[in-house]
Amino acid sequence: MRQTSILRRATRLRPVVRSAALALVPVLLIALLLPTSLALGSRTLPLSDVWRGLLAHDSSVPSVIVWSMRMPRTLLAVAVGSSLAGAGALMQGLTRNPLAEPGILGVNPGAALGVVLAISALGLTGVGQYAPFALLGAGCAAAAVYTISHRTIETGSARLVLAGVALSAALSSVTGTITMYNSRAFDSYRFWVVGSLEGRDASVLTRIAPLLLVGLILAVGSARGLNALALGEEQATALGANLMATRASAFLAITLLCGGATAAVGPLSFVGLLVPHAVRLLAGADQRTLIGWSIACGPVLLLAADVAGRVLVRPAELEAGVVTAFVGAPVLLLLAVRRER
């Protein structure tokens with residue numbers, strides 16, 4: 001009898017132990033990548049200098065490099081990685097499509113058009129100057145997609161996706177037309193559109209931080225409703241789930257997370273696709289677990305991509321968007337083939 005009781009307790013504790021063990025993985029990886037990100041660059045700093053620069057916070061060379069140049073970039077990678085990964089998990093749960101990616105809702109093309117208009121019409125060239133316009137463009141595009149699809153949103157998410165794809169194509173064609181005939185806009189736009197963390201100061205992070213925080217709170221709050229939605233709309237309605245509120249909350253969270261992240265660093269491909277898939281393999285399909293783990297694991301991918309970009313082509317740098325595309329494209333093809341089979 002006692003042996004049976006011990007076995008039952010062990011069975012109950014097994015998921016808890018597994019979750020605790022999995023929790024250590026992103027924590028340890030981030031703890032490893034953070035000092036590495038602060039140390040590597042055009043001038044490599046020993047970890048001892050990094051530590052002294054962090055503690056001193058004065059006018060010494062290591063302190064200036066750490067606090068003025070690399071700390072904002074590292075924190076921005078953490079914030080953007082969490083946001084894009086969380087938005088990807090939300091997008092896949094909202095559309096019930098494991099290959100869905102946040103860019104299909106028109107957020108990235110809307111942000112790109114906002115940047116091009118700010119450069120061509122107002123002559124803005126700095127990231128901090130046109131980032132608000134990128135955010136405005138992303139918000140307007142997302143609002144347009146939601147307005148187009150809201151009348152039949154009770155019938156499913158297919159119309160939402162179709163509206164996003166159609167509007168994305170239209171906005172991309174407008175952006176391409178402007179950059180074709182405006183060389184100044186094209187020169188500035190091509191550095192933003194590749195997706196990079198380089199050259200972003202602390203002001204960029206402080207501008208988008210409130211939006212990302214609200215988006216992450218909404219994302220976590222939408223998880224329970226998305227779990228019900230995964231059972232099917234009729235079953236979710238029978239369980240008392242408010243589908244309109246769930247979709248609206250998730251859609252707003254995706255807009256804030258993708259819009260803020262894209263405005264700050266440009267469109268970064270595949271972060272919102274790869275991280276949720278990896279988390280789903282390890283932690284299961286429960287949206288509460290999936291969204292939370294994606295938010296925690298997103299910084300690992302983006303920090304690793306940023307660090308790799310500084311190392312692979314030294315003394316030059318490879319943009320983080322290029323690194324994630326190199327990694328993400330083969331994985332996407334593999335997922336598509338497996339899904340087709």
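Residues numbered from 1 in each chain as written. Predicted model: local features only at pLDDT ≥ 70, side-chain atom pairs only at ≥ 80, totals over all residues. Heavy atoms only, no water.

Caption draft 1: Main features of the packing of helix α2 (residues 47-56) against helix α3 (residues 61-95). One way to put it is that α2 packs onto α3 with a least axis distance of 7 Å and a crossing angle of 85°. For the element pair α2 / α3, the angle class is roughly perpendicular. Each of Asp49, Val50, Gly53, Leu54 and Ala56 in α2 lies in contact with α3, whose residues at this interface are Pro62, Ser63, Val66, Trp67 and Met71. Its residues assigned to classes, the contact of α2 with α3 comprises seven nonpolar, two polar and one charged. (Axes fitted to C-alpha atoms, helices over the stretch in contact; angles between N-to-C directions. Helix = DSSP H or I, 4+ residues; strand = E, 2+ residues; numbered from the N terminus. Parallel < 35°, antiparallel > 145°, perpendicular 65-115°, else oblique. Contact = heavy atoms within 4.5 Å. Nonpolar A, V, L, I, M, F, W, Y, C, P; charged D, E, K, R; others polar.)

Caption draft 2: Just the environment of isoleucine 104, in detail. Here isoleucine 104 is to be found in the loop between α3 and α4 (107-122). Taking the relative accessible area as the measure of exposure, isoleucine 104 reaches 25% and is therefore partly exposed. Along the sequence, isoleucine 104 and serine 168 sit 64 residues apart, while their C-alpha atoms lie 7.0 Å from each other. Dropping the residues within four chain positions of it, isoleucine 104 is found in contact with Met91, Val161, Gly164, Val165 and Ser168. (Buried < 20%, exposed > 50% of the residue type's maximum accessible area, 1.4 Å probe, protein only.)

Caption draft 3: A nonpolar patch on the surface, seen in detail. Taken together, the side chains of Phe326, Val327 and Val331 define a hydrophobic patch exposed on the protein surface, amounting to about 270 Å² of accessible area. Examined against the element boundaries, valine 331 turns out to sit in helix α14 (residues 320-340). Of the residues examined, valine 331 reaches a relative accessible area of 30% and is grouped as partly exposed. (Patch = residues over 30% accessible without salt bridge, like charges linked within 9 Å, V, L, I, M, F, W, Y side chains within 5 Å. Areas by Shrake-Rupley, 256 points an atom, 1.4 Å probe, with all protein chains shown as cover. Salt bridge = Lys/Arg side-chain N within 4 Å of Asp/Glu carboxyl O.)

Caption draft 4: Looking closely at helix α7 (residues 183-193). When we look at burial in α7, the residues that qualify are Ala185, Ser188, Tyr189 and Trp192. Axial view of α7: buried residues confined to an arc of 100°, hence all on one face. Projecting away from the buried face of α7 at angles above 90 degrees are the exposed residues Ser183 and Phe191. Sitting at the head of α7, asparagine 182 places a side-chain oxygen 3.0 Å from the backbone nitrogen of alanine 185. (Arc of directions from axis to C-beta. Polar contact = N/O pair within 3.5 Å; in protein donor to acceptor, adjacent residues only side chain to side chain.)

Caption draft 5: Representation of the side chain of threonine 95. Tracing the sequence through the fold places threonine 95 in helix α3. On the basis of relative accessible area, threonine 95 is assigned to the buried category, the value being 13%. Engagement of the side chain of threonine 95 in a polar contact is seen with the backbone oxygen of methionine 91, the distance being 2.9 Å.

Caption draft 6: Structural view of the packing of aromatic side chains. Throughout the structure, instances matching the rule amount to one aromatic pair. Where tyrosine 189 meets tryptophan 192, the ring centres are 6.1 Å apart and the plane angle is 35°; that geometry is what we call tilted. Of this pair, tyrosine 189 and tryptophan 192 both sit in helix α7, three residues apart, roughly one helical turn. Tyrosine 189 gets classed as buried once you look at its relative accessible area, which sits at 13%. (Phe/Tyr/Trp six-rings, centres within 6.5 Å; stacked < 30°, edge-to-face > 60°.)

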